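One-letter residues, chain by chain:
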Amino acid sequence: MPEGDTVYLAAARLRAALEGKTLTGSDFRVPRYATVDLRDQVVDSVGSYGKHLFIRTPTVSIHTHLKMEGTWRIFHCGQRWTKPRVTARLVLRTAEVEAVGFSLGKVEVVRVGEEHRIIDHLGPDLLGPEWDVAEAVRRLERYPDQPIGVALLDQRNLAGIGNVFRSEICFLRRVHPATPVAAVPDLLALANEAHRVLAEAVRKPPRRELIYGRTHRPCQRCGTPIARALLGDPAPVSDRIAYRERGIYFCPHCQPIPGS
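Residues numbered from 1 in each chain as written. Predicted model: local features only at pLDDT ≥ 70, side-chain atom pairs only at ≥ 80, totals over all residues. Heavy atoms only, no water.

(A) Examining unusual backbone geometry more closely. Across the junction of P205 and P206, the peptide omega takes the value -5°, indicating a cis bond. For D40, which is not glycine, the phi torsion reads 75° and is therefore positive. Note on placement: D40 falls in the loop between β1 (25-28) and β2 (45-49). One non-glycine residue with positive phi stands out, namely H216, at about 75°. As for its position among the elements, H216 is in the loop between α6 (187-203) and β9 (227-231). (Helix = DSSP H or I, 4+ residues; strand = E, 2+ residues; numbered from the N terminus.)

(B) Spatial organisation of the pattern of salt bridges. Following the criterion strictly, the structure yields 14 salt bridges and no others. Among the salt bridges present, the one from E98 reaches R93, with a minimum N-O distance of 2.9 Å. The class for R93 is partly exposed, based on a relative accessible area of 25%. Residue E209 pairs with R207 through a salt bridge whose shortest N-O separation is 2.9 Å. For E209, a relative accessible area of 27% translates into the label partly exposed. Look at R207 and you get partly exposed, because its relative accessible area is 28%. Here the salt bridges share partners, and the residues they tie into one network are E193, R196, E200 and R203. (Salt bridge = Lys/Arg side-chain N within 4 Å of Asp/Glu carboxyl O. Buried < 20%, exposed > 50% of the residue type's maximum accessible area, 1.4 Å probe, protein only.)

Here's what the structure looks like:
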């Protein structure tokens, strides 16, 4: 699933192509919004919050989420699309370009000023101007027995981390992803590390993973072969998100398994 840096950079590309421009056409290939016509509206702004992307006109905000396979691409008018046309879920046109959202996991049109109902439940945006590390730590601490690797994926704690970054952040802090939140030596430092890692990813793309996907390859710190395991939420309760098990990567030497 695309992570916060991917969405942030997609918003930046869309901003450069669309902001201040008048739409000459819109094509919502989603039944609920098939009749929405934004022709002649000006794109006021484009922004992101965690993994959510918003394209705003004077009357509406277009909310999209990439989910597993979504991507935004920009083409000059008349240019051949580089992905199958059947996968396009949203097309926004100006006199110069077509911005096409392929395989978007979510497309939603809300009134201007109603974005809050989409993001109010989320934790602080790691790449936002109002990043609040103290609030992120407070939210992480709500479930002290939860594995930190699960807590980092919960967007209600801090917004923008996905499966790749949780392994990277835990490796950098020498914490095994299965470590309970309460047992993490310095939760504030870990939250600050998360902010630093994502901020660096948008400053210097493409990112290079230190540990994710490197099973059996040597740890770049100690040389121990990198291990892979599954981590999920074995006992979700009503007010928490139930995660399916996903792969975590860790160094058995630098990040000892809790209790070992």
